[in-house]
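# A look at the structure
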Amino acid sequence: MAVTVKSQREINLMRDAGKILAEVHNQLAEIIAPGITTLDIDRKGEELIRKAGCRPSFKGYEGYPASICVSVNDEVVHGIPNKKHHLFEGDIVSLDAGVIYQDYQSDAARTYGVGKISEESQKLIDVTKESFFRGIEYARAGKHLYEISSAIQKYVEANGFSVVRDLVGHGIGREMHEEPQIPNYKPIGRGIKLCAGMTLAIEPMVNAGKYEVWFLEDDWTVVTRDGSKSAHYENTVLITDGDPEILSLV
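These numbers come from a predicted model, not from an experiment.

The rules we used
- Residues numbered from 1 in each chain as written.
- Predicted model: local features only at pLDDT ≥ 70, side-chain atom pairs only at ≥ 80, totals over all residues.
- Heavy atoms only, no water.
- Disulfide = S-S within 2.5 Å.
- Buried < 20%, exposed > 50% of the residue type's maximum accessible area, 1.4 Å probe, protein only.
- Pairing = 2+ DSSP bridges.
- Helix = DSSP H or I, 4+ residues; strand = E, 2+ residues; numbered from the N terminus.
- Phe/Tyr/Trp six-rings, centres within 6.5 Å; stacked < 30°, edge-to-face > 60°.
- Lys NZ or Arg CZ within 6 Å of the ring centre and 35° of its normal.
- Polar contact = N/O pair within 3.5 Å; in protein donor to acceptor, adjacent residues only side chain to side chain.
- Contact = heavy atoms within 4.5 Å.
- Axes fitted to C-alpha atoms, helices over the stretch in contact; angles between N-to-C directions.
- Left-handed = near helix turned anticlockwise from the far one by under 90°.
- Nonpolar A, V, L, I, M, F, W, Y, C, P; charged D, E, K, R; others polar.
- Core = buried A, V, L, I, M, F, W, Y, C linked by side-chain atoms within 4.5 Å.

In protein structure, a disulfide is the covalent linkage between the sulfur atoms of two cysteines. Counted under the stated rule, the structure contains zero disulfides. The structure places no disulfide on Cys69, whose sulfur is separated from the nearest cysteine sulfur, that of Cys54, by 17 Å. For Cys69, a relative accessible area of 4% puts it in the buried group.

Structure follows, in structure tokens:
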């Protein structure tokens, strides 16, 4: 699949989708507290998405059973919500969600502390978020894709953490996963040249320990191999002739 450049109509629809998703995340942030279950979060998220006139991108995607990926502590991504999985004081929890609005997608993720968390956990969350913003300094027409990747990796590693290498960001539009793939580390080469109208889901996934991960037996949940905590921050980004526009942040 070639990288798609979106029309103004498509951009407007994706902008609407992004605003809705940002509001879903903002409301989910308010319910994160010790005692809540990961299934409670998923149910609330689906309710908000459908109330806004959207469909959840993830539910049923390649068999995924929920609307919100809820990943706790050493779970990197794709945690499956469960009524028996309660959040505890000191946990960190990553929420990854997507919406489909009039056939166009938006994708975003956030990591939150549950109650009072350690300084190390807070640093992990903060560095992961900041690495996204360091990366998108290069998300502009005329730059090359891997300049984004390199900036993310450099910032994360300078702060003593590691970027996951087995999972990547991606293009997005009518499909949730489109070309190009967007590593959070610098591969060989420069990557494609960016141009206005491209829409990218840029998503640093950062481990407190080493970068290696593995999949659990459910074939979805990805965890750190060394048991260290992991954080995730993602937005849908529009490449313009000037500064990038973050479509999933209000």
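The rest of the description comes next.
Across a sheet, strands are paired by hydrogen bonds formed along the backbone, either parallel or antiparallel in direction. Strand order in the open sheet formed by five strands is E8-E7-E9-E14-E15, with antiparallel pairing between adjacent strands. The open sheet terminates on both sides in strands that have one partner only, identified here as strand E8 (178-182) and strand E15 (245-246). With two bridges joining them, strand E14 (residues 235-238) and E15 adopt antiparallel strand pairing. Paired with Val237 across the two strands is Ile246, which belongs to E15.

This paragraph deals with the packing of aromatic side chains. Evaluated as defined, the whole model comprises four aromatic pairs. Ring centres of Tyr64 and Trp220 lie 5.1 Å apart, and the angle between their planes is 75 degrees; this geometry places the pair in the edge-to-face category. Taken as a pair, Tyr64 in the loop between strand E1 (55-56) and strand E2 (68-72) and Trp220 in the loop between strand E11 (213-215) and strand E12 (222-224) lie far apart in primary sequence, 156 residues in all. By relative accessible area, which is 18% here, Trp220 ends up buried. Each ring, one from Phe133 and one from Tyr233, has its centre 6.0 Å from the other, and the planes form 40 degrees; the classification is tilted. Of this pair, Phe133 sits in helix H3 (residues 119-135) while Tyr233 sits in the loop between strand E13 (230-232) and E14, and the two are 100 residues apart along the sequence. Residue classification places Tyr233 among the buried positions, given a relative accessible area of 5%. Counting every residue linked through ring pairs, the aromatic cluster contains Phe132, Phe133 and Tyr233. Here the guanidinium or amino end of Arg165 rests over the ring plane of Tyr185, the centre of that ring lying 4.8 Å away. Geometry around Tyr211 places Arg165 over its ring, the cationic atom sitting 4.7 Å from the centre.

Tracing the chain through its elements places Ser230 in strand E13. In terms of polar contacts, Ser230 uses its side chain to reach the backbone carbonyl oxygen of Val206, at 3.2 Å. Looking at Ser230, its side chain comes within polar contact range of the side chain of Asn207, at 2.8 Å. Not counting residues up to four positions away in its chain, the partners in contact with Ser230 are Asn73, Asp74, Glu75, Val76, Ile92, Ser94, Leu124, Val206, Asn207 and Thr224.

Below, the discussion takes up the packing of helix H1 (residues 8-29) against helix H2 (residues 38-51). Two elements in contact, H1 and H2, have axes separated by 10 Å at closest approach and are oriented at 145 degrees. As for how H1 packs across H2, the hand of that crossing is right-handed. Counting all contacts with H1, which are made through Val24, Gln27 and Leu28, the residues of H2 involved are Ile41, Lys44, Gly45, Leu48 and Ile49. Partitioned by chemical class, the residues of the contact of H1 with H2 number five nonpolar, two polar and one charged.

Core analysis: the largest hydrophobic core is formed by 31 residues, its most contacted members being Leu28, Ile32, Ile41, Ile68, Leu87, Val93 and Leu95. Those elements that place two or more of their residues in this core are H1, H2, E2, strand E4 (92-101) and strand E5 (104-113). At eight residues, H1 tops the list of elements feeding residues into this core. Contacts of Ile41, omitting those with residues within four sequence positions, involve Leu28, Ile31, Ile32, Ile36, Ile68, Val70, Leu87 and Leu95. If you look at the next biggest cluster of nonpolar residues, it comprises 27 residues, including Leu145, Tyr146, Val156 and Ile246.

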